Amino acid sequence: MDASDSPAADAPDAAGPAGRSPSPETGPATGPATGPALDREHERDRDPDGMLAEQLLRLTRRLHRIQSRQLEPIGITPAQFRLLRTVASYDAAPRMADLAQRLDVVPRAVTTLVDALEASGRVRRAPDPDSRRVVRIRITDEGRATLRSLRNARRAAAEEILAPLTAEQREVLGGLLSALVDGMPERHC
């Protein structure tokens, strides 16, 4: 965990000003906060939504690092996992353009991901029966087995990041995140 991910980096002091321990950031135990600690407190007061967005961004980065660490032994990146999961979500083999649109990326990014997944035997390109110009992406048995392993790694990453929360807090967080996601315009991600 780096310094920017420290839970204390942005956490308010629950003890209040009189309960502070001396530190270079807060000054004497009984004195007012000065320096970076004061700046963080004022920033929270001036822009609580901005601070919330920053906390969400930091949490996302931490989750990404944890997930990357857990995916490494499987030999796949988070972006490849996302593409493999997306390919598997289609009833019929998708086109590259379908994947690019669903993932909200440029087609070249999908090509690079498909190349890597195809080289590892997790997907294969197949001609479209109705058009010789169209290529469809099919998940292989190896890809399905990889997805099962990846889902376990993803659950472990989620458990690590959510460990500080009680079951009730997790339920509240899930509801809040659903409200945020459902309130956003549809992007097929």
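Residues numbered from 1 in each chain as written. Predicted model: local features only at pLDDT ≥ 70, side-chain atom pairs only at ≥ 80, totals over all residues. Heavy atoms only, no water.

Hey, could you run me through the pattern of salt bridges in this one?
Two side chains carrying opposite charge are able to pair once their charged atoms lie near each other. Throughout the structure, instances matching the rule amount to six salt bridges. R125 is paired through a salt bridge with D115; the nearest N and O atoms lie 2.6 Å apart. Of this pair, R125 sits in strand β1 (residues 123-128) while D115 sits in helix α6 (residues 107-119); the two residues are ten residues apart in sequence, bridging distant segments of the chain. The exposure class assigned to D115 is partly exposed, which follows from its relative accessible area of 35%. With a shortest N-O distance of 2.5 Å, R136 and D128 are connected by a salt bridge. (Salt bridge = Lys/Arg side-chain N within 4 Å of Asp/Glu carboxyl O. Helix = DSSP H or I, 4+ residues; strand = E, 2+ residues; numbered from the N terminus. Buried < 20%, exposed > 50% of the residue type's maximum accessible area, 1.4 Å probe, protein only.)

How should the pairing of strand β2 (residues 131-139) be read in this particular structure?
As judged from the six bridges shared by β1 and β2, these two strands associate in the antiparallel manner. Within the sheet, the bridge partner assigned to D128 lies in β2 and is S131. From the end of β1 to the start of β2, which pair antiparallel, there are two residues. (Pairing = 2+ DSSP bridges.)

Would you explain the packing of helix α4 (residues 78-89) against helix α5 (residues 96-103) in this entry?
Put simply, α4 and α5 touch, their axes get as near as 11 Å, and they point 115° apart. With respect to the hand of their crossing, α4 and α5 are arranged in right-handed fashion. Every residue of α5 that contacts α4 at R82, L83, T86, V87 and S89 is listed here: L99, R102 and L103. Of the residues in the contact of α4 with α5, the class split is four nonpolar, two polar and two charged. (Axes fitted to C-alpha atoms, helices over the stretch in contact; angles between N-to-C directions. Left-handed = near helix turned anticlockwise from the far one by under 90°. Contact = heavy atoms within 4.5 Å. Nonpolar A, V, L, I, M, F, W, Y, C, P; charged D, E, K, R; others polar.)

What am I meant to see in the nonpolar core here?
Across soluble globular proteins, you tend to see nonpolar side chains buried next to one another. One finds L83, L84, V110, V114, I137 and L150 to be the most contacted residues of the largest nonpolar core, which totals 20 residues. Breaking this core down by element, the ones donating at least two residues are α4, α5, α6, β2 and α7 (141-162). Non-local contacts of L150, meaning those with residues more than four positions away in its chain, are made with L71, I74, I76, F81 and L84. (Core = buried A, V, L, I, M, F, W, Y, C linked by side-chain atoms within 4.5 Å.)

Looking at this structure, how should I read the environment of V114?
Position of V114 relative to the elements: it lies in helix α6. Given the relative accessible area of 0%, V114 is considered buried. In this structure the C-alpha to C-alpha distance between V114 and Q80, which are 34 residues apart in sequence, comes to 7.9 Å.

What's the story with unusual backbone geometry in this structure? I'm lost.
Negative phi is the rule for most residues except glycine; trans is the rule for most peptide bonds. One non-glycine residue, D104, lies in the positive phi region at around 60°. Within the secondary structure, D104 sits in the loop between α5 and α6. The class of D104 is partly exposed, set by a relative accessible area of 41%.

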